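Next come the chains, spelled out residue by residue.
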Amino acid sequence: MKLPFDDILPCGICEFDKIGNLFDCRAKERVPQGAKSVIVYLFPYRLDDEYYKKTNISKYAVPDDYHIVAGEYLKKITSALREEYPSYSFEYFCDNSPINEVKAAVLSGLGVRGKNGLLINPVYGSFCFIGEIVTDRVFEYSKESTGSCRNCDACVRLCPSGALSGQGVKKESCLSDINQRKGELTPENVELIKNSGCVWGCDVCQDVCPMNRNIAVTPIKEFIETAVSYFETGDNIDNRAYAWRGRKVIERNCSYFK
Ligand code: B12
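Residues numbered from 1 in each chain as written. Predicted model: local features only at pLDDT ≥ 70, side-chain atom pairs only at ≥ 80, totals over all residues. Heavy atoms only, no water.

A.B. asks: Give me the site of the ligand: which residues, what numbers.
C.D. replies: Around the ligand sit 31 residues, and of these E101, R113, L119, I130 and S176 come closest. The separation between a nitrogen atom of the ligand and a polar main-chain atom of S97 is 3.4 Å. Measuring from a nitrogen atom of the ligand, one finds a side-chain N or O atom of E101 at 2.6 Å. Among the secondary structure elements, those contributing two or more residues to the shell around the ligand are α2 (101–107), β6 (128–135), α4 (175–178) and α6 (204–207). Examining the composition of the shell around the ligand, we find that 4 residues originate from one element, α2, more than from any other. Taken together, the residues of the shell around the ligand sort by class into 15 nonpolar, 9 polar and 7 charged. (Near = heavy atom within 4 Å. Polar contact = N/O pair within 3.5 Å; in protein donor to acceptor, adjacent residues only side chain to side chain. Helix = DSSP H or I, 4+ residues; strand = E, 2+ residues; numbered from the N terminus. Nonpolar A, V, L, I, M, F, W, Y, C, P; charged D, E, K, R; others polar.)

The structure is reproduced here in structure tokens:
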């Protein structure tokens, strides 16, 4: 069957049972009983270099919130699937998902897992969000990606907070976790934020990755049309990836640069 957006979104399918343990979260309840397949989509978000000339937020937060944008695409694809296969269940997820999305993407043949724990696609690099549709219908599974990243260890060596060991990311040490945290930060954490020049998220492990050189820019027009590369205290945060935290956290981070 031809699905909407087949021509722009990289997609692969894996067996649900290969995903392993599901994350405990509210969305877990929506996983169809007797789930068989996970249809995984990538939403590439790298924009033209122009957009990153003057920036103080990480690349994932430059376009409108991906939960909203990817959610709209997934909703349309899910509707088409429900119409085509009315006796099966289809539920979509993105980020707030019980599925380990990087693992699902690797199993679906969409790329390899880097030492920074992120999925690296051959065309779009790691600058891709991941979303998926879980169903109790069996589809033909894609060939799992094999191999690894280039093992150069640049991400491990250059991570500003030493959060990477080569086995994945140590959440509490990751700058992206630190600068999204509420409340008072330790002086060490404040120093890390000041040195990063970034008030939201962190891209160092991706920016230094050689597999992210010469990658394609996003084909998703909503990401391009909504790009805002710089955040200043008082700016509108509607639909932004940092909105869910409220403005206090990002504005606190801005205050460290005054
Ligand atoms: C919690 C979370 C975070 C936390 C903690 C990250 C973590 N890995 O623990 C914080 C806030 C730090 C974070 C930061 C970021 N995140 Co985040 N995050 C998530 C989330 C919601 C859950 C991840 C999780 O808890 N994993 C659990 C841990 C234990 O998994 P793991 O580290 O992969 O460990 C497993 C593997 O090592 C596996 N394993 C072992 N060996 C092997 C071998 C292979 C081949 C495979 C496949 C697996 C595997 O076993 C372990 C146990 O399951 C996912 C969405 C989702 N539902 O998956 C997004 C997600 C991973 N994040 C995403 C993004 C974009 C980011 C940032 C880049 C944002 C930014 N610019 O600041 C950073 C990157 C930091 C980094 N290097 O990971 C994207 C990644 C897209 C991609 N291309 O991979 C995701 C998929 C969200 C999305 N829907 O797009 N994130």
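A.B. asks: Lay out helix α8 (residues 247–255) with the relevant residues and their values.
C.D. replies: Each turn of an α-helix holds 3.6 residues, which means side chains three or four residues apart point in the same direction. Buried within α8 are the following residues: V249, I250, E251, R252, N253 and C254. Looking at the buried residues of α8, the elements they touch are α4 and α5 (187–196). (Buried < 20%, exposed > 50% of the residue type's maximum accessible area, 1.4 Å probe, protein only. Contact = heavy atoms within 4.5 Å.)

A.B. asks: Residues and numbers for the side chain of N189, please.
C.D. replies: Mapped onto the elements of the fold, N189 is located in helix α5. Its relative accessible area of 12% is what places N189 among the buried residues. Aside from chain neighbours lying at most four places away, what touches N189 is I178 and R181.

A.B. asks: So what about the domain arrangement of the chain? Which residues, and what values?
C.D. replies: You can read the domains of the chain as domain 1 (11–46 + 62–135) and domain 2 (154–255). One C-alpha centre belongs to domain 1, the other to domain 2, and the line joining them spans 22 Å. Our count for the domain 1 to domain 2 interface comes out at 1 salt bridge. Across the pair R240 and D64 runs a salt bridge whose closest N-O atoms are separated by 3.0 Å. (Domains from an automatic or database assignment. Salt bridge = Lys/Arg side-chain N within 4 Å of Asp/Glu carboxyl O.)

A.B. asks: Can you tell me about the sheet that holds β6, naming the residues and giving the values?
C.D. replies: Spatial strand order, β1-β2-β6-β3: 4 strands in an open sheet with antiparallel pairing. Lying at the two open borders of the sheet, with one neighbouring strand each, are β1 (11–15) and β3 (90–93). Across the sheet, the mean angle separating the axes of adjacent strands is 25° when strand polarity is ignored. Sitting on the sheet, helix α1 (residues 66–84) is in contact with β2 (37–44), β3 and β6, with an inclination near 170° to β3. (Pairing = 2+ DSSP bridges. Axes fitted to C-alpha atoms, helices over the stretch in contact; angles between N-to-C directions.)

A.B. asks: So, the pattern of salt bridges: which residues are in play, and what are the values?
C.D. replies: Here the structure, examined in full by the defined rule, presents 13 salt bridges. Among the salt bridges present, the one from D203 reaches K59, with a minimum N-O distance of 3.8 Å. One end of the pair, D203, is in the loop between α5 and α6; the other, K59, is in the loop between β2 and α1, with 144 residues separating them in the sequence. The exposure class of D203 is buried, given its relative accessible area of 9%.

A.B. asks: Requested: an account of unusual backbone geometry, with residues and values cited.
C.D. replies: In this structure, F5 is a non-glycine residue whose phi angle is positive, near 70°. Within the fold, F5 resides in the segment before β1. On the basis of relative accessible area, F5 is assigned to the partly exposed category, the value being 23%. At N214, a residue that is not glycine, the phi angle is positive and equals roughly 55°. Residue position: N214 is located in the loop between α6 and α7 (221–225). Exposure remark for N214: the relative accessible area of 83% places this residue in the exposed category.

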